[in-house]
Amino acid sequence: MKFDKMTTTLDDAKVELLRQKIEEKRESLKNPEQLFSAFSVDQEKTEEYNGRQLLELIQNAVDAGANTVTICLKTKENLLEISDSGLSFSVEGIRSLMYPGRSPKRSGSFIGNKGLGFRSLLNWADCITIGTEVGTVEFSSELAKAFFNETFKDPLEREALLTQNGYPKDFIPVPVLGVPEFTPGIVEKTIRIHYREEFEKDIIAQLKSVDDRTILFLRELETVWIEIDGDKRTISRHMVVHRTEEWDKGVSYEEVSIGGKTWYTYSISGILEPEYCDPKRTGEQSYSVTVALCGDMEENRPDGVLYNFFPTLVSVPLPCTIHATVELNDSRNHLKPNYPANEYIISQLLGLLKLCSEQKVGADINRWLPFRILAPDRFPENPCLNMNKGLAEAR
């Protein structure tokens with residue numbers, strides 16, 4: 001599925017602003033101390049997100065307001081393309097890619113609040129191009145190499161700098177996302193990743209791992225189209241019922257159809273008190289927790305993980321799928337330790353699990369399901385999650 005170009009006329013002021021921001025970044029990297037420092041931070045952040053590249057692409061689309069995402073892999077061209085129905089990359093969005101940790105997504109309403117995950121695409125790619133609101137922006141290892149050689153023209157100076165900072169001869173210590181090339185124009189809103197062949201199996205594996213649960217908690221996303229060399233599949237999310245539960249007005253109930261299966265979700269949401277809010281973010285900060293049961297009992301196996309919109313690596317051996325907007329570390333796989341809001345959000349999740357058990361939700365799927373929600377066979381100790389005590393008290 002192709003999406004229309006987002007604009008018909010160029011905003012000259014935004015074109016000039018992006019050029020200015022790119023030039024400012026390039027000038028800063030001409031300072032050897034700033035160059036090596038930026039490269040070190042960039043490498044660290046790139047490695048942390050490895051394994052979640054595809055989720056990052058979907059996340060960016062959802063945060064841009066998309067309800068449809070199309071992902072196309074062309075192995076003969078070593079090319080992965082993603083387009084969506086959301087807003088184009090903005091000038092500030094491109095700027096956030098050049099500076100690790102900087103992001104225009106500062107409110108609590110976005111999935112990705114760090115602006116770091118996109119860097120993980122560099123683990124796959126030789127070259128990435130992004131269709132933005134003002135033209136095409138290209139990031140590549142070749143551009144990084146050209147910048148390094150042009151900035152430090154003397155081979156002996158380059159070698160001395162590399163030796164002083166512990167890098168081998170001919171190494172290129174330039175953050176690839178820090179030295180993009182910009183071509184103004186009206187373009188399609190598409191991200192193109194020219195990947196290295198040795199990562200093709202990983203890309204295919206991540207594409208095949210996208211399933212019903214991937215979009216279960218993305219309420220605004222309706223369809224994900226995936227195509228691998230002409231072999232197409234579609235995952236569609238359709239809300240069947242939405243209401244407030246009579247037994248607790250604070251609980252929102254939805255029936256969602258995905259892939260021919262019906263999911264029953266029970267959610268609580270609210271606004272965090274100031275004592276739990278992240279001072280680095282603006283405006284009200286919200287939270288939500290959800291317990292999801294599938295009409296197909298096979299999907300309720302007690303071998304799952306915690307979801308924060310997308311799956312983490314936090315084990316949750318309950319016969320349901322649970323989602324909580326807890327704060328995660330930079331890898332997006334584990335809970336951030338010693339984070340006040342997480343303890344509060346987990347307490348809300350425990351309260352919701354108790355309510356669901358008391359109201360015998362899921363009993364029509366399996367009569368023991370409401371009881372097993374509070375009595376898992378095993379629950380690994382996790383000081384950041386700490387649900388064992390809460391589940392025992394709820395029983």
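Above this text sits the structure in question.
To keep things clear, this report deals only with the structure shown in the data block.

1. Regarding the overall build of the chain
And then number 1: Each helix and strand counted, the chain has 11 helices and 14 strands in total.
And then number 2: Contacts in the chain between residues at least 24 apart in sequence constitute 63% of all its contacts with a sequence separation of at least 6.

2. Notes on the nonpolar core
And then number 1: Counting residues in each nonpolar core, the largest one holds 68 residues, and the members touching the most others are Leu 80, Ile 128, Ile 130, Ile 191, Ile 193 and Leu 207.
And then number 2: In terms of residue count, helix H3 (residues 53-63) provides more of this core than any other element does, 6 residues in total.
And then number 3: Grouped together as the second largest cluster of nonpolar side chains are 34 residues, Cys 320, Leu 335, Leu 353 and Leu 369 included.

3. Points about the packing of helix H1 (residues 12-29) against helix H4 (residues 91-98)
And then number 1: Two numbers describe how H1 lies on H4: the axes approach to 10 Å, and their chain directions differ by 10°. As far as their axial angle goes, H4 and H1 are roughly parallel. Of the residues in H4, those in contact with Lys 14, Leu 17, Leu 18, Lys 21, Ile 22 and Lys 25 of H1 are Val 91, Ile 94, Arg 95 and Met 98.
And then number 2: Among the residues making up the contact of H1 with H4, the classes are represented as 6 nonpolar, no polar and 4 charged.

4. Section: helix H5 (residues 141-151)
And then number 1: Looking at H5, one finds that the buried residues are Leu 143, Ala 144, Phe 147 and Phe 148. End-on, the buried residues of H5 take up no more than an arc of 135°, which puts them together on one face.

5. Remarks on unusual backbone geometry
And then number 1: With a phi close to 70°, Phe 309 is a non-glycine residue in the positive phi region.
And then number 2: In this fold, Phe 309 is placed in the loop between strand S12 (304-308) and strand S13 (310-316).
And then number 3: By relative accessible area, Phe 309 is classed as buried at 19%.
And then number 4: For Asn 338, which is not glycine, the phi torsion reads 55° and is therefore positive.
And then number 5: As for its position among the elements, Asn 338 is in the loop between strand S14 (321-324) and helix H9 (340-358).

6. Let's talk about the pairing of strand S2 (residues 79-84)
And then number 1: Of all the 6 residues making up S2, 6 are buried; the element is thus mostly covered by neighbouring parts of the structure.
And then number 2: Residues Leu 79, Glu 81 and Ser 83 of S2 are buried on one face, and the alternating residues Leu 80, Ile 82 and Asp 84, pointing to the opposite face, are buried as well.
And then number 3: Pairing between strand S1 (residues 68-74) and S2: 6 bridges, direction antiparallel. Its bridge partner being in S2, Val 69 is matched across the sheet by Asp 84.
And then number 4: Between the end of S1 and the start of S2, which pair antiparallel, lie 4 residues, with Asn 78 showing a positive phi angle near 50°.
And then number 5: For S2 and strand S6 (residues 190-195), the ladder comprises 5 bridges, and the chain directions are antiparallel. Within S6, the residue paired with Leu 79 across the bridge is His 194.

Rules used throughout
- Residues numbered from 1 in each chain as written.
- Predicted model: local features only at pLDDT ≥ 70, side-chain atom pairs only at ≥ 80, totals over all residues.
- Heavy atoms only, no water.
- Helix = DSSP H or I, 4+ residues; strand = E, 2+ residues; numbered from the N terminus.
- Contact = heavy atoms within 4.5 Å.
- Core = buried A, V, L, I, M, F, W, Y, C linked by side-chain atoms within 4.5 Å.
- Buried < 20%, exposed > 50% of the residue type's maximum accessible area, 1.4 Å probe, protein only.
- Axes fitted to C-alpha atoms, helices over the stretch in contact; angles between N-to-C directions.
- Parallel < 35°, antiparallel > 145°, perpendicular 65-115°, else oblique.
- Nonpolar A, V, L, I, M, F, W, Y, C, P; charged D, E, K, R; others polar.
- Arc of directions from axis to C-beta.
- Pairing = 2+ DSSP bridges.

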